[in-house]
Amino acid sequence: MSDIEADRAKQRGVVAVLASAIALACAGPGTEPPERSLEAPGVQEAAARAMASLDRRLVCWRGETPRFDGRIDEDEYADASSFRWNAEWIEAMQQEISSRQDLDFEGWIKHDGKHVHLALDVTDDLFYGIDTERWLPPQAPDAHVMGERERGWPWFGDMVEVLLYGRMLDVGEPISDVTGDGRGVQIIYNLTKSHEGGVGVPGMLPHGPGRTVENWENNARWILDDVIETRTVMIARENRYMVEFRIRLEGGIEITDGGYWADGDADTPIGFNLAVGDVDLAENSPDGLLHHETWWAGKTTPRDRSPRAKLWGVLVLTSQRKPVQASGSGRLY
Ligand SMILES: [Ca+2]
Ligand SMILES: [Ca+2]
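Residues numbered from 1 in each chain as written. Chains lettered and ligands numbered in written order. Predicted model: local features only at pLDDT ≥ 70, side-chain atom pairs only at ≥ 80, totals over all residues.

### Considerations on the overall build of the protein chain
Each helix and strand counted, the protein chain has 4 helices and 17 strands in total. Burial statistics for the protein chain: of 333 residues in total, 41% are counted as buried. Here the analysis covers contacts within the protein chain between residues at least 6 apart in sequence; of these, 66% occur between residues at least 24 apart. (Helix = DSSP H or I, 4+ residues; strand = E, 2+ residues; numbered from the N terminus. Buried ≥ 20, exposed ≤ 12 C-beta atoms within 10 Å, placed from the backbone. Contact = placed C-beta atoms within 7 Å.)

Take a look at the structure:
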């Protein structure tokens, strides 16, 4: 090779290296669509073992911090992923949702680097304990006993259950009883009672009754230490309430034993599920349970399977912002 040819070859090499560096910078780490993380064989295997469906998926984008006041203002969650009730939600009670007036909701989720923000706008024709008597199921006279692990039905009322399985990839096992940490958290928001405020005050309650001491104390700690907080706005004349949740990343979203997901970390799928519950009149609950309990990713494996395991969808935590999209109204999000 002559000197000229050698120089040209060297230039071609430099150009090739530069081109691949530019391609890498453009593709860049962290600019792949967050859902791409679900394609990794290790993720698919862990999710399958953990009973998490990759078909139920939401991306938790990094977005602006919403005003934490319970009110969902226009465009406050335009940079969040959204969901709403549809026939694919799985009803756990005997009564199907027959009208949008009976129960309907829309929701959003995102994070701001410090908290996960989840918001729901719920339509319900009768607020239990407000529009109705605070009637009690015959089999549960202690349904509203507060602050005790063995008694009380925290979920009895108009409510939202939030479930997180932060260590889904790390542990990769089915969960039959959440433990209140990265191995599964199940906390209940109730429109008319709360662990800290008692009967009549909306807020959070540890799951129960009859859970393990570890489960109950860990779930209660989330509430008492403000790892999870809620704000509510009720618009009774519209048969509608709005609830905003904020859940701390640090100390909350545990993805390895004692390790918490932080902004800047790799895109990470965690187990996630939601249930929205509705109690109306006693005559609407012939079995003394809820009128509706509708689940995003299903509730548990069938009764004949032992131990029964909780079902999950996935929430992909990402540091990326939601791509800007043109909306139907022509407004840019
Ligand atoms: Ca209803
Ligand atoms: Ca209701």
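### Some thoughts on the nonpolar core
Ranked by size, the top nonpolar core spans 76 residues in total, and within it Cys60, Met168, Ile270 and Trp312 carry the most contacts. A total of 6 residues in this core trace back to one element, the largest contributor, which is strand E6 (residues 159-165). Beyond its immediate chain neighbours, meaning those up to four positions away, Cys60 contacts Ser81, Ile109, Lys110, His111, Val116, Leu315, Val316, Leu317 and Thr318. (Core = buried A, V, L, I, M, F, W, Y, C linked by C-beta atoms within 7 Å.)

### Looking at the pairing of strand E5 (residues 115-124)
When you tally the buried positions in E5, you get 9 out of 10 residues, the bulk of the element. Alignment of strand E4 (residues 103-111) against E5, held across 9 bridges, turns out to be antiparallel. For Leu103, the partnering residue across the bridge sits in E5 and is Asp124. The antiparallel pairing of E4 with E5 creates a hairpin that spans 3 residues between the two strands, and Gly113 there sits at a positive phi of about 95°. (Pairing = 2+ DSSP bridges.)

### Some thoughts on the environment of Thr31
Here Thr31 is to be found in the loop between helix H1 (3-27) and helix H2 (41-49). On the basis of neighbour counts, which here come to 10 C-beta atoms within 10 Å, the residue Thr31 falls in the exposed class. Once the C-alpha coordinates of Thr31 and Ser319 are considered, the two residues, 288 residues apart in sequence, prove to be 9.4 Å apart.

### Examining the environment of Leu54
Mapping Leu54 onto the fold places it in strand E1 (residues 52-62). Residue Leu54 is classed as partly exposed on the basis of its C-beta count, with 17 C-beta atoms lying within 10 Å. Spatially, the C-alpha atoms of Leu54 and Glu39 are 9.4 Å apart, while their sequence positions differ by 15 residues. Every residue in contact with Leu54, bar those within four places of it in the chain, is listed here: Leu38, Gln44, Ala47 and Val314.

### What to know about H2
Within the sequence span of H2, burial applies to Val43, Ala46 and Ala47. Projected down its long axis, H2 shows its buried positions confined to an angular sector of 100°, all on one face. For H2, the exposed residues set more than 90 degrees away from the buried face come down to Pro41, Glu45 and Ala48. Of the surrounding secondary structure, the elements contacted by the buried residues of H2 are E1, helix H3 (168-171), strand E15 (268-278) and strand E17 (312-321). Trailing H2 by a residue or two, Met51 shows a phi angle of about 65°, which is positive. (Arc of directions from axis to C-beta.)

### Side note on helix H4 (residues 213-224)
One full turn of an α-helix is made of 3.6 residues, so residues set three or four places apart face in the same direction. The end-to-end C-alpha separation of H4 is 16 Å, in line with the 16 Å expected for 12 residues at 1.5 Å each. Where H4 is concerned, the buried positions are Asn215, Asn218, Asn219, Ala220, Trp222 and Ile223. Looking at the buried residues of H4, the elements they touch are strand E7 (185-190), strand E10 (203-206) and strand E11 (228-235). Asp226 lies just past H4 and shows a positive phi near 60°. (Expected span 1.5 Å × (residues − 1).)

### Side note on unusual backbone geometry
Going from Gly208 to Pro209, the amide bond is cis rather than trans, its omega being -5°. Even without a glycine there, the phi angle at Met51 is positive, about 65°. Here Met51 falls in the buried class, since 21 other C-beta atoms lie within 10 Å of it. The phi dihedral of Asn239 falls on the positive side, at around 50°, and the residue is not glycine.

### Some words on the environment of Gly203
Here Gly203 shows up in strand E10. In the structure, Gly203 is positioned 12 residues away from Leu191 in sequence and 6.7 Å away in space, judged by C-alpha atoms. Setting aside its immediate chain neighbours within four residues, Gly203 contacts Tyr189, Ser194, His195, Glu196, Gly197 and Thr230.

### Examining the confidence of the model for the protein chain
Summing up the model confidence of the protein chain, the mean pLDDT is 90 and the portion of residues at 70 or higher is 89%. Every residue in residues 14-29 is under pLDDT 50, and counting partners more than four places away or in other chains gives 0 contacts. Segment residues 328-333 is flagged for pLDDT under 50; beyond a separation of four residues in sequence, or across chains, it makes 7 contacts in the model. (pLDDT = per-residue confidence, 0-100.)

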